[in-house]
Amino acid sequence: MALNEILQHSAKVNQQVEQACKNHNRLAKQVNVLAVSKTQPVEAIQQAIAAGFNNFGENYLQDALPKIASFANTAHLNWHFIGAIQSNKTKEIAESFNYVHTVSRLRVATRLNNQRPTDLPPLKVFIQVNISGEASKAGVQSAEAVELAKEIMNLPKLSLQGLMCLPEATEDFNQQRQAFSQLAQLQTEINQQLGLNLSELSMGMTQDLEAAIAEGSTWVRIGTGIFGARK
Ligand SMILES: *Cc1c(COP(=O)(O)O)cnc(C)c1O
């Protein structure tokens, strides 16, 4: 997409989020937009910053690190890792990101905790749940999420925010809502069982942001809607 279209597309995404909040009795300030900048060049991210975004999501570490470095002098940016995590990449993730949305194994959580530099605040993490139970999808099974949450609460350099999911793609609004509702319910159960107050839900992308907001999302992860189709 042409760079100057990013401003218009961003305004449209913000309008969609606002409208979804109105439709479903949510406060707009409780829903954050994570601009998913994977595969996008630095210039596109600069446009998105000009449009008012300051949270960026990246899936591929080697693609992300030079971009993060190029914004080292830009204040108030948060970088979110939202891709699959290989164990040998945890050190660089722990050193360079503010958030990780895709924690689904204790081994990875422990490494991120141990490798988080002591001069940085705890790394904010989400547990990725395989909410649709698809064999091919990443994420912990719903039944194992409580145990993983309990373990993560013992790791002092991690700050558990809540749950994240990437449900089976469907264009059916009610089906979209159902998966997100299950994730929200699971978070309520975890809070009750462990006496926690987890309040963040990372769910919803360009195609299903309204359903996610209807079910309580606090972080919608928007790539295409802001930056256009990826190559
Ligand atoms: C790419 C990606 C997104 C953004 O998807 P769009 O459909 O482009 O909005 C959100 N979340 C994750 C985990 C992704 O990999």
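Residues numbered from 1 in each chain as written. Predicted model: local features only at pLDDT ≥ 70, side-chain atom pairs only at ≥ 80, totals over all residues. Heavy atoms only, no water.

Participant: What is the right way to look at the packing of helix H6 (residues 142-153) against helix H7 (residues 173-194) in this model?
Facilitator: The relative placement of two packed helices comes down to the angle between their axes together with the axis-to-axis distance. Where H6 contacts H7, the axes come no closer than 10 Å and their chain directions differ by 45°. One way to sum up the angle between H6 and H7 is to call them oblique. By crossing handedness, the relation of H6 to H7 is classed as right-handed. Between H6 and H7, the contacting residues are Ser 142, Ala 145, Val 146, Ala 149 and Lys 150 on the first element and Leu 186, Ile 190, Gln 193 and Leu 194 on the second. Considering only residue class, the contact of H6 with H7 consists of six nonpolar, two polar and one charged. (Axes fitted to C-alpha atoms, helices over the stretch in contact; angles between N-to-C directions. Helix = DSSP H or I, 4+ residues; strand = E, 2+ residues; numbered from the N terminus. Parallel < 35°, antiparallel > 145°, perpendicular 65-115°, else oblique. Left-handed = near helix turned anticlockwise from the far one by under 90°. Contact = heavy atoms within 4.5 Å. Nonpolar A, V, L, I, M, F, W, Y, C, P; charged D, E, K, R; others polar.)

Participant: Where do I start with the environment of Leu 34 in this structure?
Facilitator: By secondary structure assignment, the location of Leu 34 is in strand S1 (residues 32-36). Setting aside anything within four residues of it in sequence, one finds Leu 34 in contact with Asn 55, Phe 56, Gly 57, His 80, Ile 82, His 101, Trp 219, Val 220, Arg 221 and Ile 222.

Participant: When you look at the pairing of strand S4 (residues 99-103) in this model, what are you seeing that I'm missing?
Facilitator: Burial analysis of S4 places five of its five residues in the buried class, the great majority of the element. The pairing of strand S3 (residues 78-81) with S4 spans two bridges and is parallel. Considered in S4, the bridge of His 80 is made with Tyr 99. Tracing the backbone out of S3, into helix H4 (residues 90-96) and back to the parallel element S4 gives a crossover that is right-handed. Bridge count between S4 and strand S5 (residues 123-129): three bridges; the pairing is parallel. Pairing of Val 100 across the sheet is with Val 125, part of S5. Each parallel crossover has a hand, and for S4 linked through helix H5 (residues 106-115) to S5 it is right-handed. (Buried < 20%, exposed > 50% of the residue type's maximum accessible area, 1.4 Å probe, protein only. Pairing = 2+ DSSP bridges. Right-handed = clockwise from strand over helix to strand, strands pointing away.)

Participant: Looking at this model, I keep getting lost on the pattern of salt bridges. Mind explaining?
Facilitator: A side chain of one charge can pair with a side chain of the opposite charge if their charged atoms are brought near each other. Within the structure shown, the criterion is met by five salt bridges. Residue Glu 58 pairs with Lys 67 through a salt bridge whose shortest N-O separation is 2.9 Å. Since its relative accessible area comes to 0%, Glu 58 is described here as buried. Taking the relative accessible area as the measure of exposure, Lys 67 reaches 5% and is therefore buried. With its nearest N and O atoms 3.6 Å apart, the salt bridge here joins Asp 63 to Lys 67. Taken together, the residues Asp 63 and Lys 67, both in helix H3 (residues 61-70) and four residues apart, mark about one turn of the helix. Among the residues examined, Asp 63 registers a relative accessible area of 27% and is labelled partly exposed. Within the structure, one salt-bridge network assembled from shared partners comprises Glu 58, Asp 63 and Lys 67. (Salt bridge = Lys/Arg side-chain N within 4 Å of Asp/Glu carboxyl O.)

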